[in-house]
Structure formats: C-alpha cells, structure tokens
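Single-letter residue listing:
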Amino acid sequence: MAEERQGGRSPRGAGASGGGPGARGGRNPRDRREAKGRQRKPEVVEDDGLIDRLIAVNRCAKVTKGGRTFGFNAIVAVGDQNGKVGVGLGKATELPESIRKATEAAKKSMIDVPMVDNRTLPHDIVGKYGAGQVLLRPASPGTGVIAGSAVRAIMECAGVKDVLTKAQGTNNPHNVVKATMSGLSDLISISRVSAIRSKIVAGRTESNG
C-alpha cells in the first residue's frame, strides 16, 4: 500500500507543461523582460515621405488610494529630410499611445529650415530656451552631424548632413529640443538677406535723389 501511494504521487513542480521554473506562468521571467524591452524600442516608421525619430521617453508615477498609476511622455521629431522638421510631445498612460500623440503633434508643428547646397546651415545661430543654449554652426563637406542624441535626431529629420553643434546650460531633452527648434526657426536664407539688402540700398538711393 505504501508503495502504491508513493507511486501515485507526482514529484513537486511537475505538471502538464513539463515542470521547471517557467511551467507555472507559461513563460519564464527572462522572456517577459525581453518582450518588455522590445516594446520600449519602436522602429522608425516612414509615412508620406516623413520619417520620425524617438528622442526621449519618461515614465512618471502617481500614488493614489488604490496604488500607483503610471504615465508616459514621449518626444518625437518628424521631418522629410529635405528642409522640413517638427517636434512634438505626447502624454498617455501607455507608451505606444504617447508616441502616437507626439508624432501627430510633431506633424502639426513643422517648420522650414533654410540650407546651403542641401547639406548644411547658412550661418551660425544660438537657440535659447530657459537655461538651455544650443549652438548651431555650418560645417565643411564630409564633417557629418556632430551633435548629441536630441539635436542629432532633429538634424537627421531635417536633412542636415554637415553641422557642428554644442548644447550648454542643461541636458534636459525638453529644453535642448526647444532651444534647437528656436535656433532653426531664426535662420535666414542667403536669398532673403540679399533681397532685404537690395531693398535697403534701393531705398537709400531714392532718398538721396
């Protein structure tokens, strides 16, 4: 009888799935961590000739009576790599939804960036926002984009191929991005400067008689 009782019992941890540490939940913790990591790294999506770059993602927690509620905010840059670029901020309780909102906001706030030879900026400019300053300087052919992650994403979306940049005052991606967009919006093309100067010269000659 004792042998039959022992023979009828199954060893601890053994089940229909074959036992092991991952048998209870169906997936081991390592697989869940890898799947979670894959969800946090969205791929670059091309839509209507536009490309987007994920600049930064932040998770915040709000402590409530029932526990903690998590929220996400994402910064996304969108551009056509031909002189148009925009940046947007999206907030949601889920990461994919926050990225979608940021992409839509970036498409609505696109600006034109004047370029020389379709590769670099026309002149030096310093963009400022809050405590942050971003220096943008033209570069010779073959230099590439010398910039940090936030500024690099914006330059790649705008189609700038050769540029020297330096961010000072803060490393907060929100302020760095806004300072960069402020500098790009203040750029003036060579044709516009020449048109302004010709009008000034024409006006002076007419006033002098």
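Within each chain, residue numbers correspond to sequence positions counted from 1 in written order. A pLDDT threshold of at least 70 governs which residues receive local features in this predicted model, and a stricter bar of 80 or more applies before side-chain atom pairs are shown or counted, although totals over entire chains, interfaces and linings include all residues. Computation of side-chain values covers all heavy atoms of the structure but excludes hydrogens and water.

Attention shifts here to the pattern of salt bridges. Salt bridge, as used here: a side-chain nitrogen of Lys or Arg that lies within 4 Å of a carboxyl oxygen of Asp or Glu. Scanning all chains against the criterion turns up four salt bridges. The salt bridge involving aspartate 124 is made with arginine 137; its shortest N-O contact spans 3.2 Å. Separated by 13 residues along the polypeptide, aspartate 124 in the loop between strand E5 (111–112) and strand E6 (125–129) and arginine 137 in strand E7 (residues 132–138) bring together distant segments of the chain. Since its relative accessible area comes to 41%, aspartate 124 is described here as partly exposed. Numbering goes from the N terminus for both helices and strands, where a helix is a DSSP run of H or I of at least four residues and a strand is a run of E of at least two. Buried residues are those whose accessible area, probed at 1.4 Å on protein chains only, stays under 20% of the maximum for their type, while exposed residues exceed 50% and partly exposed ones sit between those limits.

This paragraph deals with the side chain of serine 98. Its place among the elements puts serine 98 in helix H3 (residues 95–108). At 2.7 Å, the side chain of serine 98 forms a polar contact with the backbone oxygen of leucine 95. Leave out the neighbours within four places in its chain, and serine 98 touches Phe72, Asn73, Ala74, Gly90, Lys91 and Ala92. Side-chain atoms alone can form a polar contact between residues adjacent in sequence; in general such a contact is a pair of N or O atoms within 3.5 Å, and within protein one must be able to donate a hydrogen while the other accepts it. The contact rule is simple, with two residues in contact once any of their heavy atoms fall within 4.5 Å.

Per-residue pLDDT for the protein averages 81, and the proportion of residues at 70 or more is 73%. On a scale of 0 to 100, pLDDT captures the predictor's confidence in every residue. Taken as a whole, residues 13–25 scores under 50 in pLDDT and shows six contacts with residues more than four places along the chain or in a different chain. Contacts from residues 32–45, a stretch scored under 50 in pLDDT, to residues over four places away or in other chains number 13 contacts.

Checked against the element boundaries, leucine 135 lands in strand E7. Remark: the alpha-carbon pair of leucine 135 and glycine 183, spanning 48 residues in sequence, is separated by 8.1 Å. With residues up to four places along the chain from it excluded, the contact list for leucine 135 reads Ile125, Val126, Leu164, Thr165 and Lys166.

So, on to the nonpolar core. Buried residues of nine kinds, namely Ala, Val, Leu, Ile, Met, Phe, Trp, Tyr and Cys, make up a nonpolar core once their side-chain atoms join them within 4.5 Å. Counting residues in each nonpolar core, the largest one holds 28 residues, and the members touching the most others are Ile55, Val85, Leu121, Leu136, Ile154, Met155 and Leu184. No other element matches helix H4 (residues 149–158), which puts seven residues into this core.

Turning next to the sheet that holds strand E9 (residues 163–168). One requirement defines pairing of two strands: DSSP has to find at least two bridges between them. Strand order in the open sheet formed by four strands is E6-E7-E9-E8, with mixed pairing between adjacent strands. In this open sheet, the two edge strands, each paired with only one partner strand, are E6 and strand E8 (145–146). Where E7 and E9 come together, six bridges link them in antiparallel fashion. When the sheet's bridge partners are listed, leucine 136 is paired in E9 with threonine 165.

Bringing the packing of H4 against helix H5 (residues 173–185) into the picture now. Angle between the axes and distance between the axes are the two parameters that describe a pair of packed helices. For helices, the fitted line uses only the C-alpha atoms of the stretch in contact; every axis is such a line through C-alpha atoms, and the angle between N-to-C directions lies from 0 to 180 degrees. Look at H4 against H5: their axes get within 9 Å of each other, and the N-to-C directions meet at 40°. Overall, the two elements H4 and H5 adopt an arrangement that is oblique. As H4 runs across H5, the sense of the crossing is right-handed. In contact with Ala150, Val151, Ile154 and Met155 of H4, H5 contributes Val176, Val177, Thr180, Met181 and Leu184. Throughout this entry, Asp, Glu, Lys and Arg are counted as charged residues, while Ala, Val, Leu, Ile, Met, Phe, Trp, Tyr, Cys and Pro are counted as nonpolar. The remaining residues, Gly among them, count as polar. A class-by-class count of the residues in the contact of H4 with H5 yields eight nonpolar, one polar and no charged. Any angle from 65 to 115 degrees is called roughly perpendicular, while one under 35 is roughly parallel, one over 145 is roughly antiparallel, and all others are oblique. By convention, the crossing between two helices is left-handed when the near helix turns anticlockwise from the far helix through less than a right angle, and right-handed when the turn is clockwise.

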